Amino acid sequence: MIKKILSMLLLLSLLLSMLVLVGCSGSEYPPVESTEEESAVHMTFDMEGEKYELKYELYRALFLNNKSVVDGGDSTVWEGDRAEEYEEKIDKIIVNSAAEIFSVLHHAKKIGLDPYSAAVNAKIDEYIKLGVEGGDDVLGYGGDYGKYLNSLKEMNLNYSAHILIYRYAIAYDYIIEYYKGTVNEESPNTEMKEGAIKYTDEELLKFYESDDCVRVFRVTLDGRSYKDSRAKEIREKIASFGNEQAAQEYMAGFTPSTEKDVFVGVLLGKYSSDEFYYSALTEAAFSLRYNEVSEPIRVVSYKENTYVILYKTDKPESFFTEHKGEVKDAYVSNEIGKLLSEEKESLIASKSESGAFSQLEYVEIKMP
């Protein structure tokens, strides 16, 4: 159930697609203090001597943005005879999402990045100016900081919860670079910094041939330009073709990225994608049968706002030989995901609840 639910910070796309990050103290756009209620700690997680607090402000955001997925739009269930059942369902989602955030913050610190450092704060401050004022293909709010703050409220986020999400985003990017390494953009085949994860050709082949790796053709639709209904129409058309080649030719007309996604394909590992944003996509990829087409999957992260449609294909030996770079990338991403998943599960096991949480009235949770 949980993996089918992209943590419903989906509406963050309004800001994420504009590279909006919220600034910290020291920014010319001053932070907004949380209220006493918002700052109340509802759960605490422990990992290797570090404590992570799930405050009401983040709990509220996760609750309100997942609420309709759990109750199906019927708000009366939160005070009905089955209220406890619904509370357990949404708490499982919230705990899972919070632990994903904290696992990334924790792991980044272990390998060299303090998500609360002056350097991270400075990076965030650079983005708030761009987000509020616009520029460099960023729409912004024309310099109106009040409108910017109002947009957060529309997404059930207060100032501090929004900052936490973006500390997570910065930390996640750092982890990926640390383990994958960096390359010279002017000479993509020349590695500038070696990644921390090592592997042999035998390990790559074992991963490629295993059930932990799938190959799909992928159509990516701009979530700001396409509606649900149109995305579904495209999916139905893809599924109607009787052969792979015809489907590929049709799919190629809709992908805004590169035809490589359609004619070469994409490798996905069970743990290779950021679970906080891409869990629904991963689950869809591994639930498909050969030549089966997924429903449109809404993907909203700090990098994209899209609908994704997947078409599962085979994994011939020739692909491994001719596209070993893609295999390497999928393998390393999968290994990173395993590390973070293990730490997330450890955090979940350490969870303790506060008195404030025990007094929570779910039916009363709303933005002020």
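Look up: the structure comes first, before these words.
Definitions and cut-offs
Numbers given for residues are sequential positions, taken from 1 along each chain in its written order. Local features in a predicted model are, by the rule used here, given only for residues with pLDDT of at least 70; side-chain atom pairs are given and counted only at 80 or more, and totals for whole chains, interfaces and linings are based on all residues. As a rule here, side-chain values cover all heavy atoms of the structure and leave hydrogens and water aside. A run of H or I in DSSP counts as a helix once it spans at least four residues, and a run of E counts as a strand once it spans at least two, with each numbered from the N terminus. Burial classes follow relative accessibility: with a 1.4 Å probe on protein chains only, a residue under 20% of its type's maximum area counts as buried, one over 50% as exposed, and anything between as partly exposed. In a helix, the anticipated span is given by 1.5 Å times the number of residues less one. Working definition: the arc comes from the directions between the helix axis and the C-beta atoms, pointing outward to the latter. When DSSP finds two or more bridges between two strands, those strands count as paired. For this analysis, residues touch if any pair of their heavy atoms sits within 4.5 Å. Helix axes use the C-alpha atoms of the stretch in contact, all axes being lines fitted to C-alpha atoms, and the angles between their N-to-C directions lie in the range 0 to 180 degrees. Only buried residues count toward a nonpolar core, which is a set of Ala, Val, Leu, Ile, Met, Phe, Trp, Tyr and Cys residues joined through side-chain atoms within 4.5 Å. Think of a 1 Å grid over just the protein atoms. A cavity is a set of points where a 1.4 Å probe fits yet cannot get out, a pocket is an open set with protein on both sides within 12 Å along at least five of seven lines, and lining residues have an atom within 4 Å of a point. Grid points are joined across faces, edges and corners, and a volume is the space filled by probe spheres set on the points. Salt bridge criterion: a side-chain nitrogen from Lys or Arg within 4 Å of a carboxyl oxygen from Asp or Glu. Any two rings among Phe, Tyr and Trp, with Trp reduced to its six-membered ring, count as a pair given centres within 6.5 Å; such a pair is stacked if its planes are under 30 degrees apart, edge-to-face if over 60, and tilted if neither. By the criterion adopted, a ring carries a charge over it if an Arg CZ or a Lys NZ lies within 6 Å of its centre and within 35 degrees of its normal.

1. Some thoughts on unusual backbone geometry
Inference 1: Phi at Asn156 takes a positive value of approximately 65°, unusual for a residue other than glycine.
Inference 2: Structurally, Asn156 can be placed in the loop between helix H6 (145-154) and helix H7 (159-180).
Inference 3: Classification of Asn156 by relative accessible area gives buried; the value is 16%.
Inference 4: Backbone geometry at Asn291 places phi at a positive 70°, although glycine is not the residue there.
Inference 5: Residue placement: Asn291 occurs in the loop between helix H12 (275-287) and strand S7 (297-300).

2. Remarks on helix H5 (residues 118-133)
Inference 1: Compared with the 22 Å implied by 1.5 Å per residue over 16 residues, the 23 Å span of H5 between its first and last C-alpha is a close match.
Inference 2: All buried positions along H5 are accounted for by Val120, Asn121, Ile124, Asp125, Ile128, Gly131 and Val132. For H5, the arc enclosing every buried residue in end-on projection is 140°, short of the 170-degree limit, so these residues lie on one face. Looking at H5, the residues exposed on the side facing more than 90 degrees away from the buried face are Ala119 and Glu126.
Inference 3: Phi for Gly134, located one or two positions after H5, is positive at around 85°.

3. Considering the sheet that holds strand S1 (residues 41-47)
Inference 1: Pairing is antiparallel across the open sheet formed by three strands, whose spatial order is S2-S1-S9. The open sheet terminates on both sides in strands that have one partner only, identified here as strand S2 (50-55) and strand S9 (352-353).
Inference 2: Bridging between S1 and S9 involves two bridges; their strand directions are antiparallel. Bridging from a neighbouring strand, Thr44 pairs with Ser352 of S9.
Inference 3: Each of S1 and S2 is contacted by helix H3 (residues 56-71), which is oriented at about 55° to S2, the strand it contacts most.

4. Comments concerning the pairing of strand S5 (residues 213-222)
Inference 1: In terms of burial, S5 is largely enclosed, as eight of its ten residues are buried.
Inference 2: Strand direction decides the pairing type here: S5 and strand S6 (residues 266-269), joined by four bridges, are antiparallel. Its bridge partner lying in S6, Val214 is registered against Leu268.
Inference 3: With eight bridges joining them, S5 and strand S8 (residues 305-313) adopt antiparallel strand pairing. Looking at the pairing, Phe217 lines up with Tyr311 of S8.

5. Observations concerning the nonpolar core
Inference 1: Ranked by internal contacts, the top residues of the largest apolar core, which has 61 residues, are Leu54, Tyr59, Phe63, Phe102 and Tyr362.
Inference 2: With near-sequence residues (within four places) excluded, Tyr59 lies in contact with Met43, Leu54, Asp91, Ile94, Phe357, Leu360, Tyr362 and Ile365.
Inference 3: If you look at the next biggest cluster of nonpolar residues, it comprises 15 residues, including Ala231, Ile238, Val293 and Tyr311.

6. Some remarks on the layout of surface pockets
Inference 1: Looking at the second largest pocket, its volume works out to about 520 Å³.
Inference 2: Those elements that place two or more of their residues in the lining of the second largest pocket are S2, H3, helix H4 (83-110) and H7.

7. Some points on the pattern of salt bridges
Inference 1: Tallied over the entire structure, the rule returns 23 salt bridges.
Inference 2: The salt bridge involving Asp46 is made with Lys51; its shortest N-O contact spans 2.7 Å.
Inference 3: What makes Asp46 partly exposed here is its relative accessible area of 26%.
Inference 4: Among the salt bridges present, the one from Glu292 reaches Arg289, with a minimum N-O distance of 3.8 Å.
Inference 5: Salt bridges here are not isolated pairs; linked through shared partners, they connect Glu48, Lys110 and Glu343.

8. Focus on the packing of aromatic side chains
Inference 1: Under the defined criterion, the tally for this structure stands at 19 aromatic pairs.
Inference 2: Judged by centre distance (5.1 Å) and plane angle (45°), the ring pair of Tyr29 and Tyr145 falls under tilted. Of the two residues, Tyr29 sits in the loop between helix H1 (13-16) and helix H2 (36-39) while Tyr145 sits in helix H6, which places them 116 residues apart along the sequence.
Inference 3: Look at Tyr29 and you get buried, because its relative accessible area is 9%.
Inference 4: With a centroid separation of 6.0 Å and an interplanar angle of 55°, the aromatic rings of Phe63 and Tyr362 are classed as tilted. Within this pair, whereas Phe63 is found in helix H3, its partner Tyr362 is found in the segment after helix H15 (355-358), the two being separated by 299 residues in sequence.
Inference 5: Taken together, the ring pairs connect Tyr29, Tyr141, Tyr145 and Tyr148 into an aromatic cluster.
Inference 6: Over the aromatic face of Tyr86 sits the side chain of Lys89, whose NZ or CZ is 5.5 Å from the ring centroid.
Inference 7: For Lys315, the ring lying beneath its charged end belongs to Tyr208, and the centroid distance is 5.7 Å.

9. Overview of helix H9 (residues 228-240)
Inference 1: Between its terminal C-alpha atoms H9 stretches 19 Å, which fits the 18 Å expected from 13 residues at 1.5 Å a residue.
Inference 2: Of the positions making up H9, those classed as buried are Ala231, Ile234, Arg235 and Ile238. Along the long axis of H9, the arc covered by the buried residues comes to 100°, so they all point the same way.
Inference 3: Looking at the packing, one finds that the buried side of H9 touches S5, helix H10 (244-251) and S8.

So, to be careful, I would describe these as geometric facts and stop short of saying anything about function.
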